[in-house]
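If you want the building blocks of each chain, they are given just below.
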Amino acid sequence: MSTPGPSSAGTAEQHPSESTETTDGRTPVRTSWRDGRSGLLLSLLMVAFSTYLLFGILTMDVGEGTDFPGPRFFPGILMVAGYVLAVLLALHYVRSPEHPKETSTQRYRTFTDWSAVLWAAGGFLLFALTLETLGWIIAAALLFWSVAKGFGSRRPVFDISFALLFSSAVYLAFSVGLGLNLPSGILGGGF
């Protein structure tokens, strides 16, 4: 007959999904499996959006004589990419949860960089208001530059040059490659 050892006397059983950690070596902190895994909500949101795309693709009325790639092709690419990214994000957050830094002296529930939000939202608003007037190349370049500025880029000449190059490449890909017309605006019919 064996008697319980001193380590099991007087201790409460822990739930398997909870663990005890210490932040400073003295104070025990209870954590659960959900801690640090709030990014799984983004994965669920991506699954919902991809499922919405799938439903739209399946219920889309497409005529008989539609050539490849057709109207279902690009939404299908986005749907597959959404599902793949959702699975990869879920695996990332399950394997390595992102716990807040324990050395931080300030505790915020959330943080929003309002400067970045204003630059990006202002860029989208400017893009929407000036697309017909300025045309795709210039309006999209301003949008790309404002988003780069909002994310903290400190190289305006490089940013605007890259934005013009990228918006021109997108314009050529859509107009020449796919035969779709994007607004040319003040640049006229030169493209």
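Residues numbered from 1 in each chain as written. Predicted model: local features only at pLDDT ≥ 70, side-chain atom pairs only at ≥ 80, totals over all residues. Heavy atoms only, no water.

Participant: Would you take a moment to explain the overall build of the protein for this structure?
Facilitator: Summing up its helical and strand segments, the protein has 5 helices and 2 strands in all. When the helices and strands of the protein are placed in sequence order, the string is β-β-α-α-α-α-α. Taking the contacts inside the protein whose residues are at least 6 apart along the sequence as the reference set, 52% of them involve residues at least 24 apart. Split by element, the accessible area of the protein, about 14600 Å² in all, is 66% carbon and sulfur. (Helix = DSSP H or I, 4+ residues; strand = E, 2+ residues; numbered from the N terminus. Contact = heavy atoms within 4.5 Å. Areas by Shrake-Rupley, 256 points an atom, 1.4 Å probe, with all protein chains shown as cover.)

Participant: Honestly, the side chain of Thr130 in this entry has me stumped. Any pointers?
Facilitator: Along the chain, the position of Thr130 falls in helix 3 (residues 114-134). A polar contact is formed between the side chain of Thr130 and the backbone oxygen of Leu126, at a distance of 2.6 Å. In contact with Thr130, not counting residues within four places along its chain, are Gly135 and Ala139. (Polar contact = N/O pair within 3.5 Å; in protein donor to acceptor, adjacent residues only side chain to side chain.)

Participant: What should I look at first to understand the packing of helix 4 (residues 136-150) against helix 5 (residues 156-177) in this one?
Facilitator: Packed helix pairs are specified by the crossing angle of their axes together with the interaxial distance, meaning the distance between the axes. Running from N to C, helix 4 and helix 5 cross one another at 135°; their axes reach a closest spacing of 8 Å. When the interaxial angle is binned, helix 4 and helix 5 end up oblique. In the packing of helix 4 onto helix 5, the handedness of the crossing is right-handed. Where helix 4 abuts helix 5, its residues Trp136, Ile137, Ala140, Ala141, Phe144, Trp145 and Ala148 lie against Pro156, Asp159, Ile160, Ala163, Leu164, Phe166, Ser167, Ser168, Val170 and Tyr171. (Axes fitted to C-alpha atoms, helices over the stretch in contact; angles between N-to-C directions. Parallel < 35°, antiparallel > 145°, perpendicular 65-115°, else oblique. Left-handed = near helix turned anticlockwise from the far one by under 90°.)

Participant: In this structure, what is going on with the packing of aromatic side chains? I would like to understand it.
Facilitator: Centre distance and the angle of the planes are the two values used to describe a pair of aromatic rings. This model, assessed by the stated rule, comprises 6 aromatic pairs. Residues Trp119 and Trp145 carry aromatic rings whose centres are separated by 5.5 Å and whose planes lie at 85° to one another, so their mutual orientation is edge-to-face. Placement of Trp119 in helix 3 and of Trp145 in helix 4 is noted, with a sequence separation of 26 residues between them. You can call Trp119 partly exposed: its relative accessible area is 33%. The cationic tip of Arg155 hangs over the ring face of Phe158; the distance from NZ or CZ to the ring centre is 4.3 Å. (Phe/Tyr/Trp six-rings, centres within 6.5 Å; stacked < 30°, edge-to-face > 60°. Buried < 20%, exposed > 50% of the residue type's maximum accessible area, 1.4 Å probe, protein only. Lys NZ or Arg CZ within 6 Å of the ring centre and 35° of its normal.)

Participant: I keep staring at the side chain of Ser43 and nothing clicks. Help me out?
Facilitator: Assignment of secondary structure puts Ser43 in helix 1 (residues 40-59). By relative accessible area, Ser43 is classed as buried at 6%. Every residue in contact with Ser43, bar those within four places of it in the chain, is listed here: Ala86, Leu89 and Ala90.

Participant: I'm lost on the nonpolar core in this one. Help?
Facilitator: When a protein is soluble and globular, its nonpolar side chains tend to lie buried together. Of all hydrophobic cores here, the largest spans 9 residues; its members are Phe127, Leu131, Trp136, Ile137, Ala139, Ala140, Leu143, Val170 and Tyr171. When residues of this core are assigned to their parent elements, the largest contribution, 5 residues, is made by helix 4. (Core = buried A, V, L, I, M, F, W, Y, C linked by side-chain atoms within 4.5 Å.)

Participant: How should I be thinking about helix 2 (residues 73-95) in this particular structure?
Facilitator: Residues separated by three or four positions in an α-helix point in the same direction, a consequence of the helix having 3.6 residues per turn. For helix 2, which comprises 23 residues, the first-to-last C-alpha distance of 33 Å matches the rise-based estimate of 33 Å (1.5 Å per residue) to within 8%. Among the residues making up helix 2, those that are buried are Gly76, Met79, Gly82, Ala86 and Tyr93. Next to the buried residues of helix 2 lie helix 1. (Expected span 1.5 Å × (residues − 1).)

Participant: Hey, could you run me through helix 3 in this one?
Facilitator: At Ala128, helix 3 shows its strongest bend, of approximately 40°. Within helix 3, the full set of buried residues consists of Ala116, Ala120, Gly123, Phe127, Thr130 and Leu131. Check the buried side of helix 3 and you find it contacts helix 4. Within two residues after helix 3, Gly135 carries a phi angle of roughly 95°, on the positive side. (Bend = angle between axes of the 7 residues up to and from the residue.)

Participant: Would you mind going over the environment of Leu178 with me for this structure?
Facilitator: With respect to the element layout, Leu178 can be found in the segment after helix 5. Among the residues examined, Leu178 registers a relative accessible area of 39% and is labelled partly exposed. Separated by 109 residues in sequence, Leu178 and Pro69 place their C-alpha atoms 9.4 Å apart. If we ignore the near neighbours within four places in the chain, the residues touching Leu178 are Phe74 and Ala173.

From the geometry alone we can't say anything about function, so treat these as descriptive.
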